[in-house]
Protein chains: 4
Amino acid sequence: MNHREIIDTMMEGDLFSQWLGIEILETAPGYARISMKVRSEMVNGFGICHGGISFSLADSVFAFASNSYGEQCVSIDTSINHLRPIRVDDILTATSLEINKGKSLRLYEVTICNQKNEKVAWFKGTVFNTGKIWERN
Amino acid sequence: MNHREIIDTMMEGDLFSQWLGIEILETAPGYARISMKVRSEMVNGFGICHGGISFSLADSVFAFASNSYGEQCVSIDTSINHLRPIRVDDILTATSLEINKGKSLRLYEVTICNQKNEKVAWFKGTVFNTGKIWERN
Amino acid sequence: MNHREIIDTMMEGDLFSQWLGIEILETAPGYARISMKVRSEMVNGFGICHGGISFSLADSVFAFASNSYGEQCVSIDTSINHLRPIRVDDILTATSLEINKGKSLRLYEVTICNQKNEKVAWFKGTVFNTGKIWERN
Amino acid sequence: MNHREIIDTMMEGDLFSQWLGIEILETAPGYARISMKVRSEMVNGFGICHGGISFSLADSVFAFASNSYGEQCVSIDTSINHLRPIRVDDILTATSLEINKGKSLRLYEVTICNQKNEKVAWFKGTVFNTGKIWERN
């Protein structure tokens, strides 16, 4: 399976990314760009987008990028910095960049921008390569 | 408003925590314990609970604990370590502990356990105290 | 080699921990407590202890604790929160606690206190277990 | 004071950066690039460069970059990923990039490369702007 087939397979089973309304914009080995629109049911107690929503978007693009080479990789340590409030109806785009590709461990950063191209969140994550291969069912 | 009134007010407006099915188990100044049950719509492309779900649970309890003194606090830097796979129907309990309470910055750790009392995730987060006071509408 | 022999062997080769003046106070499998005194050559441009010094102290106790079971473990992701300024002549004690012990990955937190028992820094770290065994030369 | 004067003033008082042998290669508002050579007294119990050394290098360039606008900024949360072993006699170059510049909070990433231009470590850090201005004594 190539990078796009793997990411499409992941997305098909990823019911939470579907609930988020994630669309895949672009993929390449070690890379993905995705987007979603913030809905009113996604707010926190301050009436702005819950931090878990932007984290989830980043976590999905990170999973797609890190699995796209063909080996199954699982997240072990991730962090996010919230830079600006995100509001209902904002359209978020998340882009994953590979910082390092080791045998067992791979490191990515993800930038999330809103529709005005302002950075709203910044994420980094490390995956562990389980060595299992993504295969057609 | 006391800690419980603040957290109840936050929860009332927090539509995403409501979607998650979060229940508040216990609160005190600087402290909260909450729980939720993982539903099938919360899985990722591996068929296990999406990392964004456990993050969101931790982020909510962290927000409740850090806001409970009365001043509005916003998250600036958070990270999570995923320790064990979380599965559909697992019942997760998240407990927030205060590591440090400064004037402008406060640091918390959150432990998430499943129904077998196994640690499944571990989170830390820093909030910035905006100085605004939680008040009745 | 038992936990103490491993940590003593590590300390013997650890010339930077020796430069820091680190003393080992207590060890157990998965646990260590160490201390050091801040010297005037350890300050940064603000005239207080350089963040790299408190990080190094935490990183050493984390390495000792995570290697103490017998397998060689290497640091992959660590973070530190600076909570209070540390000054020249402060005596710092760093205590490492195990959060999780997986096969490949282990997670620790470290608390650093000064001589007044105030928390001055808080650290977390993940190691990767290489599987190599600590052995006598 | 301009960016270079501030960084020179910081470096003058920064006795630990001097011990590390740090040289300032380039500065601009919000930016700095520095280097150092790893000495034999900087190794850990594995005989490779102690993680605290690469952290300290990153922490210094992060402090220089974030203070270079004129306001005194203090580190609140930093993390580092170690990507490749660093050995004695390696020459390390650390480059700081600004991810976000808020009023109270600023976010930076730092990449450390060795003399072969291989990434050996990757760092991110948040500072809090105290509002105090860097001034000539």
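Right, let's walk through the structure included here. This structure is a prediction, so every number in the text was calculated from the model and none was measured. (Residues numbered from 1 in each chain as written. Chains lettered and ligands numbered in written order. Predicted model: local features only at pLDDT ≥ 70, side-chain atom pairs only at ≥ 80, totals over all residues.)

A short note on the environment of K37 of chain C
Residues and elements named next belong to chain C. As for its placement among the helices and strands, K37 is situated in strand β2 (residues 31–37). Look at K37 and you get partly exposed, because 15 C-beta atoms sit within 10 Å. Taking the C-alpha atoms as reference, K37 lies 9.6 Å from E23; in sequence the two are 14 residues apart. Here K37 is in contact with G21, D89 and I91, once residues within four sequence places are set aside. (Helix = DSSP H or I, 4+ residues; strand = E, 2+ residues; numbered from the N terminus. Buried ≥ 20, exposed ≤ 12 C-beta atoms within 10 Å, placed from the backbone. Contact = placed C-beta atoms within 7 Å.)

Let's talk about the sheet that holds strand β1 (residues 23–28) of chain B
Pairing within the open sheet is antiparallel, and its 12 strands lie in the order β1(A)-β2(A)-β4(A)-β5(A)-β6(A)-β3(A)-β3(B)-β6(B)-β5(B)-β4(B)-β2(B)-β1(B). Across the chains shown, the open sheet's two edge strands, defined by having one partner strand only, are β1 (23–28) of chain A together with β1 of chain B. On average, each strand axis in the sheet is inclined to that of its neighbour by 20 degrees, with strand direction left out of account. Note: strand β4 (residues 91–101) of chain B against strand β5 (residues 105–113) of chain B, eight bridges, orientation antiparallel. (Pairing = 2+ DSSP bridges. Axes fitted to C-alpha atoms, helices over the stretch in contact; angles between N-to-C directions.)

Side note on the interface of chain D and chain A
Counting residues at the interface gives 10 residues for chain D, matched by 10 residues for chain A. Looking at the side of chain D that touches chain A element by element, the count peaks at four residues for strand β6 (residues 119–133) of chain D. Residue composition of the side of chain D that touches chain A, by class: four nonpolar, four polar and two charged. (Nonpolar A, V, L, I, M, F, W, Y, C, P; charged D, E, K, R; others polar.)

Digging into helix α1 (residues 3–13) of chain D
Residue and element names in this part refer to chain D. Buried within α1 we find H3, I6, I7, M10 and M11. Buried positions in α1, seen along its axis, are confined to an arc of 130 degrees and lie on one side of it. In this structure, the buried residues of α1 make contact with α2 (15–20), β1 (23–28), β2 (31–37) and α3 (51–67). (Arc of directions from axis to C-beta.)

Purely geometric numbers; function is a separate question.
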